[in-house]
Amino acid sequence: MEVLYQVLEVADKVIYATLGITAMFGIFTVIMVTRRIAQKRFARPAQAESFLEEVHDNLKSGNTEAVVELCDSPRYWSKAVPQLIVLAMQNLDRPANKVRRLMAERFETDVLADLEYRAGWIATVVKSAPMLGLLGTVIGMINAFQTIAGSGKHGVHPSALADDIGVARFTTAIGLTVAIPMTVLGAMVSVRIGKLSDGVQEQVGRFVDDLDAIRASGKLSLIHISEPTRPERSGVG
């Protein structure tokens, strides 16, 4: 038991350090997910409109290679919709509904799944911080009772309990201080992911409609387009 009490005497410092690391990890995760979302979406609706108009003009003229070159250009290669359009260009021989489903599945697996996995760590921080605070509270109270038990018949001065009770209160407060802002930030990230998904669905739907209309007019020839050779630009993720 003596060893256990010695461990508990330094456990409060470990709790403080762990709460600090948890807070920094949560902030880092929010920044990384937010940047990832910004990378995958168009910065402004006007930019998306300009891109889709250019794609439409190239498709209307039957220049599918220009569409792929545009999507794989430095301005657009990291964004979700252009790379989904490259996928569609690689499957021009399929019906429009299958192309739409293929694009939706690729977006789900390569973009949304990755973002949701990263955002899951924010939820972990939200749940862990109050639990760490509660653990600090329990440790502080154990140390306080140990101080009382070790005082013998002479009793214990209140100031001797101040540090232990302070640990019990402060760790709970810090845990909540970490969890509450992270809850708000996690909600913000979820909203941005939802907006990204809605925007991609709208833009992909418009592209597929244009593609179907142009193919029906017979102006678009079926050609084979190989996968991009650059590893950092392959897929959508």
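Here the structure is shown first, and the text comes after it.
This section reports on the structure supplied with the text. Because the structure is predicted, anything quoted here is derived from the model rather than measured.

## Description of the environment of I193
Here is step 1 of the chain: Mapped onto the elements of the fold, I193 is located in helix 6 (residues 158-216).
Here is step 2 of the chain: For I193, a relative accessible area of 10% puts it in the buried group.
Here is step 3 of the chain: Along the primary structure I193 and V33 are separated by 160 residues, whereas in three dimensions their C-alpha atoms are 9.3 Å apart.
Here is step 4 of the chain: What I193 contacts, discounting residues up to four positions off in sequence, is I37, L112, L115 and A119.

## Remarks on the pattern of salt bridges
Here is step 1 of the chain: Per the counting criterion, the structure on display carries six salt bridges.
Here is step 2 of the chain: Residue D114 pairs with R36 through a salt bridge whose shortest N-O separation is 3.3 Å. Linking D114 in helix 5 (residues 96-149) with R36 in helix 1 (residues 2-40), this pair joins segments that are 78 residues apart in sequence.
Here is step 3 of the chain: The exposure class of R36 is buried, given its relative accessible area of 18%.
Here is step 4 of the chain: Linking R206 and E49 is a salt bridge whose minimum nitrogen-to-oxygen distance equals 2.7 Å. Highlighted residues: R206 in helix 6 and E49 in helix 2 (residues 45-60), separated in sequence by 157 residues.
Here is step 5 of the chain: The exposure class assigned to R206 is partly exposed, which follows from its relative accessible area of 27%.
Here is step 6 of the chain: E49 sits in the partly exposed class, given a relative accessible area of 36%.
Here is step 7 of the chain: Several salt bridges converge on common partners, so that one network encompasses R36, D114 and R118.

## Some remarks on the packing of helix 2 against helix 4 (residues 80-89)
Here is step 1 of the chain: The interhelical angle for the contact between helix 2 and helix 4, taken along N-to-C directions, is 20 degrees, at an axis separation of 12 Å. It follows that helix 2 is roughly parallel to helix 4 by the angle criterion. Crossing handedness for the pair helix 2 and helix 4: right-handed. Every residue of helix 4 that contacts helix 2 at F51, L52, V55 and L59 is listed here: V81, P82, I85 and M89.
Here is step 2 of the chain: Residues of the contact of helix 2 with helix 4, tallied by class, amount to eight nonpolar, no polar and no charged.

## Let's talk about helix 4
Here is step 1 of the chain: Buried residues dominate helix 4, accounting for 10 of its 10 residues.
Here is step 2 of the chain: Among the residues of helix 4, A80, V81, P82, Q83, L84, I85, V86, L87, A88 and M89 are the ones counted as buried.

Thresholds, definitions, all that
Residues numbered from 1 in each chain as written. Predicted model: local features only at pLDDT ≥ 70, side-chain atom pairs only at ≥ 80, totals over all residues. Heavy atoms only, no water. Helix = DSSP H or I, 4+ residues; strand = E, 2+ residues; numbered from the N terminus. Buried < 20%, exposed > 50% of the residue type's maximum accessible area, 1.4 Å probe, protein only. Contact = heavy atoms within 4.5 Å. Salt bridge = Lys/Arg side-chain N within 4 Å of Asp/Glu carboxyl O. Axes fitted to C-alpha atoms, helices over the stretch in contact; angles between N-to-C directions. Parallel < 35°, antiparallel > 145°, perpendicular 65-115°, else oblique. Left-handed = near helix turned anticlockwise from the far one by under 90°. Nonpolar A, V, L, I, M, F, W, Y, C, P; charged D, E, K, R; others polar.

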